Amino acid sequence: MYFCIRDDDTSFFTSPGELEQAYGEVTKHGPVSLAIIPFCRAGMSRGLPKDYRERWSVHPLADNRALVEYLRHGIAAGRYEAMLHGYHHDEPENRREFLEGSDLERKILDGKQYLEELLNTTIRVFVPPHNAIGKNGLKAVTAAGLQLGGVAGMRHGWPWLSPESVKTWWELRRRRRQGLPGVPYVLHLADHREIAGNPLTPRTTFKQSLRLFDEATGIGGVFCAATHYWEFNHPTQDPDARTVGEHLYKLVRRAVADPTVRWRSVGAVLAGTSAVTPHA
Ligand SMILES: [Zn+2]
């Protein structure tokens with residue numbers, strides 16, 4: 001089974017200390033894939049500092065020199081992977097950038113090239129802001145040769161006429177009817193691959209994660225933990241994990257203790273192997 005961690009919302013507003021506090025220990029065991037916003041617009045997102053919220057000013061990642069240095073070193077050392085997380089991320093009137101926005105092909109190519117040059121790396125994965133993507137967004141992702149962190153689905157961009165789409169849609173429908181909520185394997189579409197994130201938030205519980213983790217282990221599939229570093233200290237109602245951070249650290253201990261688990265970056269899992277299929 002493959003295990004990976006996807007963390008969203010690293011941007012100009014992130015300090016190296018915040019990432020180091022969340023992931024300093026974790027990355028001693030395996031990589032963390034950071035979904036990074038290249039030109040963060042200070043809108044309504046909860047991860048933004050309060051003083052900046054709804055200013056709508058745009059902040060290139062390069063303006064945070066300390067963070068850029070930290071990321072460069074972390075990526076070069078294999079502790080972090082960089083993924084592209086939208087372009088501005090926030091849009092006025094709560095519009096979702098890669099569902100309702102325009103000029104998406106240019107935004108993805110620009111954003112990808114900007115992060116690659118700034119961080120001295122290769123971007124392989126796109127993670128849509130607010131997990132929202134549509135037909136044009138998905139087209140822009142595949143045109144740039146990227147894979148998707150998240151699941152688009154038929155209503156949000158999978159072409160109805162492609163046999164791969166129909167097969168994948170059918171398989172997921174069959175799973176839901178069996179009462180299986182997770183997607184514990186990489187989805188192979190005609191021109192790209194997708195990986196579902198299992199959200200770790202103040203509202204999800206360790207038991208829920210464990211059930212999905214064990215299901216993935218059982219089929220030799222994949223479990224991707226989806227987190228926000230800025231939410232690690234938030235309390236939960238879960239007696240098994242009092243904070244979001246504790247929830248992740250318990251899962252990490254589980255992954256490290258299991259010799260069948262292979263911990264990789266999200267990009268490496270998606271670049272992947274034929275072992276990650278529904279029936280493996
Ligand atoms: Zn985000």
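Everything numeric in this text was worked out from a predicted model, so none of it was measured.

A. Highlighting the confidence of the model for the protein chain. The predicted model of the protein chain averages 94 in pLDDT, with 97% of residues at 70 or higher. Low pLDDT, under 50, characterises residues 274–280; the predicted model gives this stretch 15 contacts beyond four residues in sequence or across chains.

B. Expanded view of the layout of surface pockets. In this structure, the largest pocket occupies an estimated 970 Å³ of space. Taken together, 43 residues line the largest pocket, and the ones lying closest to its centre are His130, Asn131, Gly150, Val151 and Gly197. Among the elements that line the lining of the largest pocket, the one with the most residues is helix H6 (residues 163–177), at four residues. Here the residues of the lining of the largest pocket are counted per class, giving 18 nonpolar, 16 polar and nine charged.

C. Focus on the coordination of the zinc ion. Distances from the zinc ion to its protein donors, Asp9 (OD), His85 (NE2) and His89 (NE2), fall within 2.1 Å. Donor residues for the zinc ion, ordered by position in the chain, follow D-x75-H-x3-H. Each member of the pair histidine 85 and histidine 89 is classed as buried.

D. Layout of unusual backbone geometry. Positive phi outside glycine occurs at histidine 89, with the angle close to 75°. Here histidine 89 is to be found in the loop between strand S5 (80–84) and helix H3 (97–100). Unusually for a residue other than glycine, asparagine 131 sits at a positive phi of about 55°. Tracing the chain through its elements places asparagine 131 in the loop between strand S6 (125–126) and helix H5 (135–143). Here asparagine 131 falls in the exposed class, since its relative accessible area comes to 54%.

E. Fine view of the pairing of S5. Burial analysis of S5 places five of its five residues in the buried class, the great majority of the element. The two faces of S5 match: Tyr80, Ala82 and Leu84 on one face and Glu81 and Met83 on the other face are all buried. Summarising the sheet, strand S2 (residues 32–36) and S5 pair through five bridges and their orientation is parallel. The residue of S5 that forms the bridge with serine 33 is glutamate 81.

F. Just the pattern of salt bridges, in detail. If you walk through the whole model with that rule in mind, you get 18 salt bridges. Residue glutamate 20 is joined to arginine 79 by a salt bridge in which the shortest nitrogen-to-oxygen separation is 3.0 Å. Taken together, the positions of glutamate 20 in helix H1 (residues 16–23) and arginine 79 in the loop between helix H2 (65–76) and S5 put the pair 59 residues apart, joining distant regions of the chain. Arginine 79 sits in the partly exposed class, given a relative accessible area of 21%. When the shortest N-O distance is used, the salt bridge between arginine 175 and glutamate 215 registers 2.6 Å. Taken together, the positions of arginine 175 in helix H6 and glutamate 215 in helix H7 (residues 206–219) put the pair 40 residues apart, joining distant regions of the chain.

G. Representation of the packing of aromatic side chains. In total, this model carries 14 aromatic pairs according to the counting rule given. Here the aromatic rings of phenylalanine 3 and phenylalanine 223 are separated by 6.3 Å at their centres, their planes lie at 10°, and the arrangement is stacked. Linking phenylalanine 3 in strand S1 (residues 2–10) with phenylalanine 223 in strand S11 (residues 222–227), this pair joins segments that are 220 residues apart in sequence. Of the two residues examined, phenylalanine 3 and phenylalanine 223, each falls in the buried class. Taking the centre distance of 5.7 Å and the plane angle of 55° together, the rings of tyrosine 70 and tyrosine 80 count as tilted. Here tyrosine 70, found in helix H2, pairs with tyrosine 80, found in strand S5; they are ten residues apart in sequence, far enough to count as distant. Through pairs of rings, three or more aromatic residues link up here, namely Phe3, Phe213, Phe223 and Trp263. The residue whose ring lies beneath arginine 55 is tyrosine 52, and the NZ or CZ to ring-centre distance is 4.4 Å. A cation over a ring is seen here: lysine 250 above phenylalanine 206, with NZ or CZ 4.7 Å from the ring centre.

Quick notes on the rules
Residues numbered from 1 in each chain as written. Predicted model: local features only at pLDDT ≥ 70, side-chain atom pairs only at ≥ 80, totals over all residues. Heavy atoms only, no water. pLDDT = per-residue confidence, 0-100. Contact = heavy atoms within 4.5 Å. 1 Å grid on protein atoms, 1.4 Å probe; cavity = no way out; pocket = protein on both sides within 12 Å on 5 of 7 lines; lining within 4 Å. Points joined across faces, edges and corners; volume = space filled by probe spheres on them. Helix = DSSP H or I, 4+ residues; strand = E, 2+ residues; numbered from the N terminus. Nonpolar A, V, L, I, M, F, W, Y, C, P; charged D, E, K, R; others polar. Donors = N, O, S within 2.8 Å, 3.2 Å for Na, K, Ca; no water. Buried < 20%, exposed > 50% of the residue type's maximum accessible area, 1.4 Å probe, protein only. Pairing = 2+ DSSP bridges. Salt bridge = Lys/Arg side-chain N within 4 Å of Asp/Glu carboxyl O. Phe/Tyr/Trp six-rings, centres within 6.5 Å; stacked < 30°, edge-to-face > 60°. Lys NZ or Arg CZ within 6 Å of the ring centre and 35° of its normal.

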